[in-house]
Amino acid sequence: MGNFDTDKVYRFLARLKFLFSATNQHGVHSPFIYSFVTKGLYKKGSKKLSVTENVLVKSIAYFDVKKVGLVNHSEELKIKLDSIFQDLNYRESPFDIIYADALSKPFKTVSQKHIHNDSLLLLEGIYKNKARTQRWKAIKNLDQVTVTIDLYYCGIVFFRREQAKEHFKIRI
């Protein structure tokens, strides 16, 4: 009998569950999220980028981001971003967008001084394995988190104090 890849089975089952419970823009009742989904996330992406990198690029463009925090990422991603956008600042906080791995524990390394009310946290690989999904669920439940968007490939976290706590599952 061959190797049994439990992570692969987990991802397959998580994907099926996601597809049955996710919606498109028509299931979104928040004007802020509806606009972001329809005018940002649903724009055509680059075939040279991964799904999550495309979400990052679309988010930077939609929100006209200037300050990007990259947590535990290679120089290659920074080179890709710099080829698309001019004048991104990777050093000065608070950051407009923070891009992190779902297991990097961004709230341990990113303090309140690194974010502002309109900051966006983009977590890659939220369904890569059970530990990442558990981390994603824990982040969604944090008090400072108000809105989350589950895109299966990645998760988006907002800290907008004026918005009611909501969770969206959107197919892209």
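Below or above, wherever it landed, is the structure these notes cover. (Residues numbered from 1 in each chain as written. Predicted model: local features only at pLDDT ≥ 70, side-chain atom pairs only at ≥ 80, totals over all residues. Heavy atoms only, no water.)

Now for the pattern of salt bridges. Scanning the model with the defined rule gives 7 salt bridges in all. Notably, a salt bridge pairs Glu75 with Lys78, separated by 3.9 Å at the nearest N-O pair. Of this pair, Glu75 and Lys78 both sit in helix H4 (residues 75-84), 3 residues apart, roughly one helical turn. The salt bridge involving Arg160 is made with Glu162; its shortest N-O contact spans 3.3 Å. Within the structure, one salt-bridge network assembled from shared partners comprises Glu53, Glu76 and Lys80. (Salt bridge = Lys/Arg side-chain N within 4 Å of Asp/Glu carboxyl O. Helix = DSSP H or I, 4+ residues; strand = E, 2+ residues; numbered from the N terminus.)

Whenever strands of a sheet pair, they do so through backbone hydrogen bonds, lying parallel or antiparallel. Strand order across the open sheet formed by 6 strands is S1-S2-S3-S5-S4-S6, with mixed pairing between neighbours. In the strand order of this sheet, the two ends are held by strand S1 (68-70) and strand S6 (166-169), each with one partner. Averaged over all neighbouring strand pairs, the angle between strand axes comes to 15°, with direction disregarded. By the bridge criterion, 4 bridges tie strand S4 (residues 147-150) to strand S5 (residues 154-158) in an arrangement that is antiparallel. Bridged to Ile149 within S5 is Ile156. Packing of helix H2 (residues 31-41) onto the sheet brings it into contact with strand S3 (120-124), S4, S5 and S6, and relative to S5 it is tilted by some 135°. (Pairing = 2+ DSSP bridges. Axes fitted to C-alpha atoms, helices over the stretch in contact; angles between N-to-C directions. Contact = heavy atoms within 4.5 Å.)

We now examine the packing of helix H3 (residues 51-63) against H4. One way to put it is that H3 packs onto H4 with a least axis distance of 11 Å and a crossing angle of 40°. Considered as vectors, H3 and H4 are oriented oblique to each other. When you trace H3 past H4, the crossing you get is right-handed. Side by side, H3 and H4 meet where Glu53, Leu56, Val57 and Ile60 of the first sit next to Leu77, Lys80, Leu81 and Ile84 of the second. Considering only residue class, the contact of H3 with H4 consists of 6 nonpolar, no polar and 2 charged. (Parallel < 35°, antiparallel > 145°, perpendicular 65-115°, else oblique. Left-handed = near helix turned anticlockwise from the far one by under 90°. Nonpolar A, V, L, I, M, F, W, Y, C, P; charged D, E, K, R; others polar.)

As for its position among the elements, Asp96 is in the loop between H4 and strand S2 (97-101). Here Asp96 occupies a buried position and makes no salt bridge, while the nearest side chain of opposite charge, Lys67, is found at 5.6 Å. (Buried < 20%, exposed > 50% of the residue type's maximum accessible area, 1.4 Å probe, protein only. Lys, Arg positive; Asp, Glu negative; His and termini not counted.)

This next bit is on the packing of aromatic side chains. One pass over the structure, following the stated rule, counts 10 aromatic pairs. Between the aromatic rings of Tyr62 and Phe63, the centroid separation amounts to 4.8 Å while the plane-to-plane angle is 85°, which identifies the pairing as edge-to-face. Here Phe63 falls in the partly exposed class, since its relative accessible area comes to 28%. Taken together, the aromatic side chains of Phe32, Phe36, Tyr62, Phe63 and Phe158 make up a single cluster linked through ring pairs. Lying across the ring of Tyr152, Arg15 places its NZ or CZ 4.8 Å from the centre. The lysine or arginine in question, Arg160, covers the ring of Phe32, its NZ or CZ lying 3.6 Å from the ring centre. (Phe/Tyr/Trp six-rings, centres within 6.5 Å; stacked < 30°, edge-to-face > 60°. Lys NZ or Arg CZ within 6 Å of the ring centre and 35° of its normal.)

Everything listed is a geometric property; what it means functionally is a separate question.
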